[in-house]
Amino acid sequence: MIVKPLSHFTGIDILTSEQFWGLLKLARQLKDEWTQCGGNRPVLAGKSLAMLFEKPSLRTRVSFEMGMRHLGGYAFYLSPAEIGLGTRESPADVIRVLSGYVDGVMARVFDHRSIEEMVEWGSVPVINGLSDFSHPCQALTDVFTIWEQLGTLEDRTLVYVGDGANNVATSLLMAAGKVGLNVRIVAPRGYIPSAEVLTAAEVEVEITDDLNGVRGADVLYTDVWVSMGDEDEREERMEDLPPYQVNTELVQRSENEEVLVMHCLPAHRGEEITDAVADGSSSRLFPQAHNRLHAQKAVLAHLLGGVELPS
Ligand code: CP
Ligand code: NVA
């Protein structure tokens, strides 16, 4: 069976379950090729990627740049000051210009509508490298990491603790729906996914503000309490979210000695996660971060190199 090719990677919700699994399997193949066969085949020889950032980044920027390089292609960084997306030039004009120079664009933006506008006006694949609404590259990596760590996604439960309404939580819910991962949100009122996100996620999501909701978790996941762009809400968030810190006591409440702790990073240690947990035996924070490279390669090899998604 041929898996229908993707034109863009702007959100998990636009993928079928087969396409999502195809990206996971391609990431697996590319990781094996990289780690066991002495390197990747140059499936992106002669291809180029513009990486456009409105916000800071370590993992996204470096994993995409190195991913392109490992696959034989070329990537370059465009800083917020250089582009002035929406101020110096509209996303529609930026993408129409870039479409004549490069084979793909990865963008990290404040407003998700900028991503949608680029899809509408461009003629090259657009990759969402994080917006205020979603972070699909992260969610692909996270499910890949859980699959790798646990060996299966069947009958496994991910519990997301903290700001359950942010971009990372949104994409994780949608990704869980594609692979049948059980998912629970443990968050205070006002920090839960919107009805629109819950519908798009196509998965039964348990939501509770009770910390005992972590019981039975296979994966405990958290992210910062104040996302980039939400800084003006910092004071309120720092009042509402501290009970939801992932600390040793909360990990023990899972009643699973083998529970995995994940975080997309960067972490605000001492806020949403303690040092003891981030550096403890349950932590998978760094294998997770390293897997960004392999997941991003899958997206690039498929969208820019035409590598088919495995069925
Ligand atoms: N997790 C993540 O996207 O990290 P960066 O913000 O460093 O890219
Ligand atoms: N929710 C965080 C994720 C950072 C990778 C943010 O948007 O700042």
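Structure shown above.
Residues numbered from 1 in each chain as written. Chains lettered and ligands numbered in written order. Predicted model: local features only at pLDDT ≥ 70, side-chain atom pairs only at ≥ 80, totals over all residues. Heavy atoms only, no water.

1. Examining the packing of helix α6 (residues 136-150) against helix α12 (residues 285-303)
- Direction vectors running N to C along α6 and α12 enclose 115°, while the axes themselves pass 8 Å from each other. One finds that α6 runs roughly perpendicular with respect to α12. In this structure, α6 meets α12 at a crossing whose hand is right-handed. Between α6 and α12, the residues in contact are C137, Q138, L140, T141, D142, F144, T145, E148 and Q149 and P287, Q288, N291, R292, A295, Q296 and V299, respectively. (Axes fitted to C-alpha atoms, helices over the stretch in contact; angles between N-to-C directions. Helix = DSSP H or I, 4+ residues; strand = E, 2+ residues; numbered from the N terminus. Parallel < 35°, antiparallel > 145°, perpendicular 65-115°, else oblique. Left-handed = near helix turned anticlockwise from the far one by under 90°. Contact = heavy atoms within 4.5 Å.)

2. A closer look at the site of ligand 2
- In the neighbourhood of ligand 2, the contacting residues comprise L130, N166, N167, V168, D223, V224, S227, M228 and L265.
- Between ligand 2 and the protein, one listed contact pairs an oxygen atom with a side-chain N or O atom of N167 at 2.8 Å.
- D223 is positioned such that a nitrogen or oxygen atom in its side chain is 2.7 Å from a nitrogen atom of ligand 2.
- When the free accessible area of ligand 2 is taken as 270 Å², the share hidden by the protein chains comes to 95%.
- Residue composition of the shell around ligand 2, by class: 5 nonpolar, 3 polar and 1 charged. (Near = heavy atom within 4 Å. Polar contact = N/O pair within 3.5 Å; in protein donor to acceptor, adjacent residues only side chain to side chain. Areas by Shrake-Rupley, 256 points an atom, 1.4 Å probe, with all protein chains shown as cover. Nonpolar A, V, L, I, M, F, W, Y, C, P; charged D, E, K, R; others polar.)

3. Here's the deal with the sheet that holds strand β9 (residues 260-263)
- Strand order in the open sheet formed by 5 strands is β7-β6-β5-β8-β9, with parallel pairing between adjacent strands. The two strands at the open ends of the sheet, each matched to only one other strand, are β7 (205-208) and β9. For this sheet, the mean angle separating the axes of adjacent strands, direction not counted, is 20°.
- Sheet analysis places strand β5 (residues 157-161) next to strand β8 (residues 219-222), joined by 4 bridges and oriented parallel. In the sheet register, L158 faces β8, and the bridge partner there is V219.
- Helix-sheet contacts for helix α7 (residues 167-179) involve β5, β6 (182-186), β7 and β8, and the interaxial angle to β5 is about 165°.
- Each of β8 and β9 is contacted by α12, which is oriented at about 50° to β9, the strand it contacts most. (Pairing = 2+ DSSP bridges.)

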